[in-house]
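Residue-level listing of the chains:
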Amino acid sequence: MLNKVNVTKLLAKQLVTLILLLPFSRIYGLITDIRNWLYDRKLYSSYESSSCVIAVGNLTVGGTGKTPMIEYLIKRHLTPGSILLPEVATLSRGYGRRTKGFRVATDLDTAETIGDEPLQLYRKFKHRARIFVGERRAEAIRQILETYPETKHILLDDAFQHRAVRPNLNLMLTDYSRLFYNDHPFPAGRLRERRHGAQRADAVIVTKCPDSLSATEQAAIGANIRSYIREDTPLFFARLQYGQPMSFADNKPVSSLSSVILVSGLANAVPLEDYVQQTFSMKKHHRYADHYAYTRTDLDQLFDTLSPDDSLLTTEKDWVKIDALLTADERLELPMYYLPVEMAFLPGYEAEFEALLDGFLLKNT
């Protein structure tokens, strides 16, 4: 455990590092300001699609709950008729994949060909939505509409800084534990651009909030955020809602687990770890880098840590990568489970967000 002297030294070192890096952050922020200015003045062109485009993104590097937000929107837009003729598409860059260019997800794809999060979406919604990846979003949208003209809604994942496409609705997420107004641009901080970039947001969602977030704290956070966004921009608060663990063997929920070994490759694993500690008997947490590409050696080392009473618990994003490394017998016999998660609004916000979407869709359909 750190004593007061060590804590003081650590804070002093962090302060010195921040001071040394801030000049570089200002240079980086200036470069992003110039880029945004060129797009705002239309000196750089932005593609406007004939379909309805909703962008989900953030100002920071790392996870803010974009995939749960995309899943929320997929469920929100689905109609009974879309089972046979999907009208919803998702488009992301496919971070971590080893392929390039435009691809539509199929049963043959893996995390290596389309990325872990698109694969996660495909496994969940392949009969209700089409999942695409492509670095050049404008070109990809044109190909989607040319090949699937019935597409009415395109959800862009991690696209807040992708100015080459002009979305109809721009949703900006910010993590409760790493609120953008407390941060700095790279390299002194984790911001991809300066804080005033939040003015492009049509709505801001504070994600991963504690269930018990008080109205007083919500108001304080809201006041700080509103100093960076447009006056009429709505603000929402949301949390992560975990489901029952699902078996690797049959993708069915289990009612209870004993002791668990947690495995995750997330940008911010704190909310997950807190939940697992509160809900299960967590013996250990193996934390890997975000979008980590697991190897068979990694799995063998993890299996060696399991005692007869332990279960291995991981996330949906990690499941799609770990599952691909298992043999059929291992999948059936080993006590391995993944934890579904979805986004849920704090009390009083869901109806307002639904009204925002309804009004937006009425205007853009």
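- The name an unreviewed UniProt entry assigns to the protein is Tetraacyldisaccharide 4'-kinase, from the organism Spirosoma aureum.
- The heading Catalytic activity (unreviewed entry) in the UniProt record of the protein holds the text "a lipid A disaccharide + ATP = a lipid IVA + ADP + H(+)".
- Under the heading Sequence similarities (unreviewed entry), UniProt records this for the protein: "Belongs to the LpxK family."

### What about the sheet that holds strand β4 (residues 130-133)?
Within a sheet, each strand pairs with its neighbour through backbone hydrogen bonds, oriented either parallel or antiparallel.
(1) Moving on: The 9 strands are arranged β3-β4-β2-β5-β1-β6-β7-β8-β14 in an open sheet whose pairing can be described as mixed. Edge positions in the sheet fall to β3 (103-104) and β14 (341-345), since each has one partner strand and no second.
(2) Moving on: Examined bridge by bridge, strand β6 (residues 169-175) and strand β7 (residues 203-207) share 5 bridges and lie parallel to one another. Bridge pairing in β7 links Met172 to Val204.
(3) Moving on: Along the sheet, helix α6 (residues 215-226) makes contact with β6, β7 and β8 (235-242), crossing β8 at roughly 125 degrees.

### Focus: the sheet that holds strand β12 (residues 310-315)
(1) Moving on: In spatial order, the strands read β9-β13-β12-β10-β11; together these 5 strands make up an open sheet with mixed pairing. The two strands at the open ends of the sheet, each matched to only one other strand, are β9 (246-247) and β11 (281-288).
(2) Moving on: The pairing of β12 with strand β13 (residues 336-339) spans 4 bridges and is classified as parallel. Residue Thr314 lies in a different strand from β13, and its bridge partner there is Tyr338.
(3) Moving on: Docked against the sheet, helix α8 (residues 296-304) engages β10 (259-265), β11, β12 and β13, running at close to 160 degrees with respect to β11.

About the thresholds
Residues numbered from 1 in each chain as written. Predicted model: local features only at pLDDT ≥ 70, side-chain atom pairs only at ≥ 80, totals over all residues. Heavy atoms only, no water. UniProt positions renumbered as here; feature names shortened; annotations may be inferred. Pairing = 2+ DSSP bridges. Helix = DSSP H or I, 4+ residues; strand = E, 2+ residues; numbered from the N terminus. Contact = heavy atoms within 4.5 Å. Axes fitted to C-alpha atoms, helices over the stretch in contact; angles between N-to-C directions.

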